[in-house]
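Chain by chain, the residues run as shown.
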Amino acid sequence: MGESMTWIQALVLGLVQGLTEFLPISSSAHLRIVSGVFFGDDAGASFTAVTQLGTEAAVLVYFAKDIWRILQAWFGTVLGKLSSRQTVPITDQVTTRLPVVTMGQADRYFDEERQRELDYRVGWYVIIATIPIGVLGFLLKDVIRTAARNLWLISFMLIAFALVIAAAEYYGRKLRPLEQLTTRDGLVMGFAQCLALIPGVSRSGATSSAGLFLGLTREASVRFSFLLAIPAVTASGLFSIPDAFKPAGEGLNASGAQLIVATLLAFVVGYASVAWLLKFVAKHSLDWFVGYRIVLGLTVMGLLATGVVSAT
């Protein structure tokens, strides 16, 4: 059995989870680095996965109206129960009126028919794009909890993927809004999400960068990234609950009460983080996070090289 986690550690790690989950800087990397550098051990993949339930709950609350509308359109269309229209096929036909991308502003051009069609398609895209990470996450679950948490690997991925984000910002045309999302876009961003299984990549960084490479705007990339993360992160967190509440092996072992409090803290801070990031990307480049990732990665490498912190 590893050492028991203290309440200070649980609170700090819950705060870190909430602050970093939605930023393209990798929350799993930050939890691993903070627990290793300041607490001398690894909080573990299960602790990370469970506290992510808090931040995903923040997404569910923040996008509640959007999610409810998408669910209604998807289930209503699939079951053929929409009274105002026929079943909508899954096509890449571009729609042009989407209240969700107005960032809360009134939409003078609301079209219920087009809105329902887009919501239906987005629902399918999320489902289809979740399959790759679901399969790989299950097959590689043991590697994710062990070898993938090596700090050398994490620091390298922080730097390497910083360059990917910079390239996406530089080469991405950023012309297509969310209503022009296609099946191809969903699949590419779904496969990009698989990279987030490696701590240091960042789920939002991987999917948002893929969206930029595909020509989507930052707002569209980030918004779909949030929606895409909901099924995978929720499933991962629920799947990890038994392991997290019955810790065994090396690492910091959190009690049930500490997990609950850390998850609630991640929810509160995560909600504020979502709101901030959506406003930030509307006017700023993701390049702001590139320099931070590189500095952090090099710092961790320096600590590893000098023996200040252990890689495992």
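Residues numbered from 1 in each chain as written. Predicted model: local features only at pLDDT ≥ 70, side-chain atom pairs only at ≥ 80, totals over all residues. Heavy atoms only, no water.

J.: What's the story with the overall build of the protein chain in this structure? I'm lost.
T.: Counting its secondary structure elements, the protein chain contains 12 helices and zero strands. In sequence order, the protein chain lays out its α and β elements as α-α-α-α-α-α-α-α-α-α-α-α. For the protein chain, contacts bridging at least 24 residues in sequence account for 82% of all contacts bridging at least 6. Per element, the accessible surface of the protein chain, about 14,200 Å² overall, is 67% carbon and sulfur. (Helix = DSSP H or I, 4+ residues; strand = E, 2+ residues; numbered from the N terminus. Contact = heavy atoms within 4.5 Å. Areas by Shrake-Rupley, 256 points an atom, 1.4 Å probe, with all protein chains shown as cover.)

J.: Any chance you could explain the packing of aromatic side chains here in plain terms?
T.: In this description, an aromatic ring pair is defined by two values, namely the gap between the centres and the angle between the planes. Overall, the coordinates contain 10 aromatic pairs when judged by the stated rule. Relative to Phe75, the ring of Trp74 lies with its centre 4.8 Å away and its plane at 90°, an arrangement referred to as edge-to-face. Among the residues examined, Trp74 registers a relative accessible area of 15% and is labelled buried. Residue classification places Phe75 among the partly exposed positions, given a relative accessible area of 44%. Following the ring pairs from residue to residue traces out a cluster consisting of Phe22, Tyr62, Phe63, Phe226 and Tyr271. (Phe/Tyr/Trp six-rings, centres within 6.5 Å; stacked < 30°, edge-to-face > 60°. Buried < 20%, exposed > 50% of the residue type's maximum accessible area, 1.4 Å probe, protein only.)

J.: Could you clarify how one ought to interpret the pattern of salt bridges in this entry?
T.: Side chains that differ in sign of charge can pair as their charged atoms come close. This model, assessed by the stated rule, comprises eight salt bridges. One salt bridge in this structure joins Asp66 and Arg69, with 3.4 Å as the shortest N-O distance. On the criterion of helical spacing, the pair formed by Asp66 and Arg69 is a turn pair, its members being three residues apart in helix H4 (residues 64-78). On the basis of relative accessibility, which here comes to 22%, the residue Arg69 falls in the partly exposed class. Residue Arg176 pairs with Asp185 through a salt bridge whose shortest N-O separation is 2.3 Å. (Salt bridge = Lys/Arg side-chain N within 4 Å of Asp/Glu carboxyl O.)

J.: I'm lost on a nonpolar patch on the surface in this one. Help?
T.: Where nonpolar side chains cluster on the molecular surface, the patch consists of Ile131, Val135, Leu136, Phe138, Leu139, Leu140 and Val143 and spans about 650 Å² of accessible area. Looking at the secondary structure, you find Leu136 in helix H5 (residues 112-139). Given a relative accessible area of 34%, Leu136 falls into the partly exposed group. (Patch = residues over 30% accessible without salt bridge, like charges linked within 9 Å, V, L, I, M, F, W, Y side chains within 5 Å.)

J.: Help me out: how do you make sense of the environment of Leu216 in this one?
T.: Mapped onto the elements of the fold, Leu216 is located in the loop between helix H9 (203-213) and helix H10 (218-245). Taking the C-alpha atoms as reference, Leu216 lies 10.0 Å from Glu179; in sequence the two are 37 residues apart.

J.: What should I look at first to understand H5 in this one?
T.: Between its terminal C-alpha atoms H5 stretches 41 Å, which fits the 40 Å expected from 28 residues at 1.5 Å a residue. Where H5 bends most, the angle comes to about 30°, and this point is Ile131, followed within four residues by the proline Pro132. (Expected span 1.5 Å × (residues − 1). Bend = angle between axes of the 7 residues up to and from the residue.)

J.: Can you walk me through the confidence of the model for the protein chain in this structure?
T.: Atomic detail in the predicted coordinates should be set aside for any region of low pLDDT. Model confidence for the protein chain is summarised by a mean pLDDT of 85, while 87% of its residues fall at 70 or above. Taken together, the stretch residues 93-109 has pLDDT below 50 and engages in 33 contacts with residues farther than four places along the chain or on a different chain. (pLDDT = per-residue confidence, 0-100.)

J.: Looking at this model, I keep getting lost on the packing of H5 against helix H8 (residues 183-193). Mind explaining?
T.: For any two helices packed against each other, one specifies the inter-axial angle together with the distance between the axes. Close contact between H5 and H8 brings their axes to 8 Å; oriented N to C, the two are set at 30°. Taken together, H5 and H8 sit at an angle that is classed as roughly parallel. When you trace H5 past H8, the crossing you get is right-handed. Here Tyr125, Ile128, Ala129, Pro132 and Ile133 of H5 come into contact with H8, specifically with Thr183, Gly186, Leu187, Gly190, Phe191 and Gln193. A breakdown of the residues in the contact of H5 with H8 according to their chemical character gives seven nonpolar, four polar and no charged. (Axes fitted to C-alpha atoms, helices over the stretch in contact; angles between N-to-C directions. Parallel < 35°, antiparallel > 145°, perpendicular 65-115°, else oblique. Left-handed = near helix turned anticlockwise from the far one by under 90°. Nonpolar A, V, L, I, M, F, W, Y, C, P; charged D, E, K, R; others polar.)

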